[in-house]
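# Reading the structure
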Amino acid sequence: MTASELEVNNPYLPLLLPIVEIIEETRDIKTFRLQGDSLFSYLPGQFAEVFVPGRGEAPFSITSSPTTEGILEFSIKRIGTVTTALHRLGEGEKIGVRGPYGNGFPLEELKNRNLLFVGGGIGLAPLRSLINYVLSPQHREEFGEVFILYGARSPEDLVFKWELEKWQERKDLHLLVTVDRGNNSWKGRVGLVPQVLKEEVKVEAKEWKSIVCGPPIMIKFTIKSLLEMAFSPSQIITTLEMRMKCGLGKCGRCNIGPFYVCQEGPVFSYEVLQKLPEEY
Ligand SMILES: Cc1cc2nc3c(=O)[nH]c(=O)nc-3n(C[C@H](O)[C@H](O)[C@H](O)COP(=O)(O)OP(=O)(O)OC[C@H]3O[C@@H](n4cnc5c(N)ncnc54)[C@H](O)[C@@H]3O)c2cc1C
Ligand code: FES
């Protein structure tokens, strides 16, 4: 095999893409917009490994919608080595991306259903890809009503404020934003997402599917609320953030029960998740 054939067949080789825009979402979350002519195609809910030369790589949900061609977006919270290195980069610099990985949201199962999105903190990032897919002119008619409940610890911790404003103006969805603690200028709802869900979202459960993503504790109590609202486990879909390395089903790092989360996940129904060991 020649060196160039090796390059073509190497699944670990990232695409090098320029950062065309960086949006400061909160004090520790930035959205990176990348551009490329020959990007891979992907589904909402899939993720990619993002590589910073000299610092390593880490998995991130693709937050852009596949309906926005030529663009890839990641919203990244600064936590450790790779994410800090990413936050130090500027517009015009290049980063590596390999993917897409994972199963993505079950689009066929969601078609013709009403969709209740419940997001917490940066958990809105994977949901945003599906929300913008559903709201796109190409696909809006394939789905029923859309309700988005989004919460964060404080108004300063809300991500995608610029897009929440656009969603708020649309007549074909309901958006409810809540914060755990308000401030002097916050005029919106104050309350924890699982509680607000039960108090404010009055839907006939059997006609809906709910897609949930956020910190583990929020997911746990949101699922409890949804079950109390008569959602069945198969009507609740969530996405997991396991530790991962290869993304290719090879290293075994993301294994839980019978699954490699990087391949069979990260999107699972609660019907499947409830059969896994308690810690997941
Ligand atoms: C499928 C998937 C999608 C993801 N999507 C996003 C996203 O859209 N935006 C985003 O900001 N992050 C996302 N993450 C989490 C992201 O991968 C981690 O924050 C990242 O790997 C941290 O890398 P680091 O080198 O900066 O941190 P490290 O230096 O490796 O670690 C810093 C600290 O964070 C802890 N840590 C690292 N990774 C994880 C993890 N996966 N879960 C819990 N604790 C962890 C470490 O134990 C350590 O305490 C996703 C993870 C997965 C698996
Ligand atoms: S991350 Fe290597 S097998 Fe899933």
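This structure is a prediction, so every number in the text was calculated from the model and none was measured.

What follows covers the layout of surface pockets. Estimates place the volume of the second largest pocket at around 290 Å³. If you go around the second largest pocket, you meet 18 residues; those closest to its centre are Thr68, Arg128, Asn132, Glu163 and Lys166. Elements with a contribution of two residues or more to the lining of the second largest pocket: strand S5 (71-77), helix H4 (124-135) and helix H5 (161-169). Among the elements that take part in the lining of the second largest pocket, H5 stands out by supplying four residues, more than any other. Per-class residue counts for the lining of the second largest pocket are five nonpolar, seven polar and six charged. No fewer than three residues from each of domain 1 (3-101) and domain 2 (107-239) sit in the lining of the second largest pocket.

Taken domain by domain, the protein chain comprises domain 1 (3-101) and domain 2 (107-239). In this complex, domain 1 contributes 22 residues to the contact, which on the side of domain 2 involves 20 residues. Buried area between domain 1 and domain 2, summed over both chains or domains, comes out near 1,500 Å², and the portion from carbon and sulfur atoms is 56%. Linking domain 1 to domain 2 there are two salt bridges.

This paragraph deals with the sheet that holds strand S15 (residues 267-269). Strand pairing in a sheet is mediated by backbone hydrogen bonds. Such pairs are either parallel or antiparallel. On the basis of which strands lie adjacent, the open sheet formed by seven strands has the order S10-S9-S8-S7-S11-S12-S15 and mixed pairing. A single partner strand is all that each edge strand has here, and the edge strands are strand S10 (189-190) and S15. Relative to S10, strand S9 (residues 174-179) is paired through two bridges, and the arrangement is parallel. In the sheet register, Val179 faces S10, and the bridge partner there is Val190.

Let us look at helix H6 (residues 193-200). An α-helical segment advances 3.6 residues per turn. Residues three or four places apart therefore align on the same side. By the burial criterion, the buried members of H6 are Val193, Pro194, Val196 and Leu197. Taken end-on, H6 shows its buried residues confined to a sector of 165 degrees, consistent with a single buried face.

A few words now on the packing of aromatic side chains. Under the defined criterion, the tally for this structure stands at five aromatic pairs. Both rings, one in Phe40 and one in Tyr42, keep their centres 6.5 Å apart while their planes meet at 75 degrees; by these two values the pair is edge-to-face. Pair check on accessibility: Phe40 and Tyr42 agree, each one buried. Aromatic side chains Tyr133 and Phe143 sit 6.4 Å apart centroid to centroid with 75 degrees between the ring planes, which places their arrangement in the edge-to-face category. Of this pair, Tyr133 sits in helix H4 while Phe143 sits in the loop between H4 and strand S8 (146-152), placing them ten residues apart in sequence. Under the relative-accessibility criterion, Tyr133 is labelled buried at 9%. Overall, the relative accessible area of 7% leaves Phe143 in the buried class. One Lys or Arg, Arg128, reaches over the ring of Phe160 and ends 4.7 Å from the middle of that ring.

What counts, and at which threshold
- Within each chain, residue numbers correspond to sequence positions counted from 1 in written order.
- Think of it this way: whatever chain is written first is A, whatever ligand is written first is 1, and the rest follow in order.
- Thresholds applied to this predicted model are a pLDDT of at least 70 for local features of residues and 80 or more for the giving and counting of side-chain atom pairs; totals over whole chains, interfaces and linings are not thresholded and use all residues.
- Just so you know, side-chain values use all the structure's heavy atoms and leave hydrogens and water out.
- Using protein atoms alone on a 1 Å grid, points that fit a 1.4 Å probe yet trap it form a cavity, whereas open point sets bounded by protein on both sides within 12 Å along at least five of seven lines form a pocket; residues with an atom within 4 Å of a point count as lining.
- Grid points are joined across faces, edges and corners, and a volume is the space filled by probe spheres set on the points.
- Only DSSP runs of H or I with at least four residues qualify as helices, and only runs of E with at least two residues qualify as strands; both kinds are numbered from the N terminus onward.
- Here the nonpolar group is Ala, Val, Leu, Ile, Met, Phe, Trp, Tyr, Cys and Pro; Asp, Glu, Lys and Arg are the charged ones; every other residue, Gly included, is treated as polar.
- Domain boundaries shown here were taken from an automatic or database domain assignment.
- Two residues form a contact once any of their heavy atoms are found within 4.5 Å.
- Buried area counts how much accessible surface, traced with a 1.4 Å probe, disappears from two parts once they are put together, with both parts' losses summed.
- Any carboxyl oxygen of Asp or Glu that lies within 4 Å of a side-chain nitrogen of Lys or Arg is treated as forming a salt bridge with it.
- Pairs of strands are assigned from DSSP output, requiring at least two bridges between the strands.
- Burial classes follow relative accessibility: with a 1.4 Å probe on protein chains only, a residue under 20% of its type's maximum area counts as buried, one over 50% as exposed, and anything between as partly exposed.
- Throughout, the arc means the angular range of directions from the helix axis out to the C-beta atoms.
- The rule is short: rings of Phe, Tyr and Trp, with Trp giving its six-membered ring, pair when the centres are within 6.5 Å, and they are stacked under 30 degrees, edge-to-face over 60, tilted in between.
- Placement of a positive charge over a ring is assigned whenever Lys NZ or Arg CZ falls within 6 Å of the ring centre and within 35 degrees of the normal to the ring plane.

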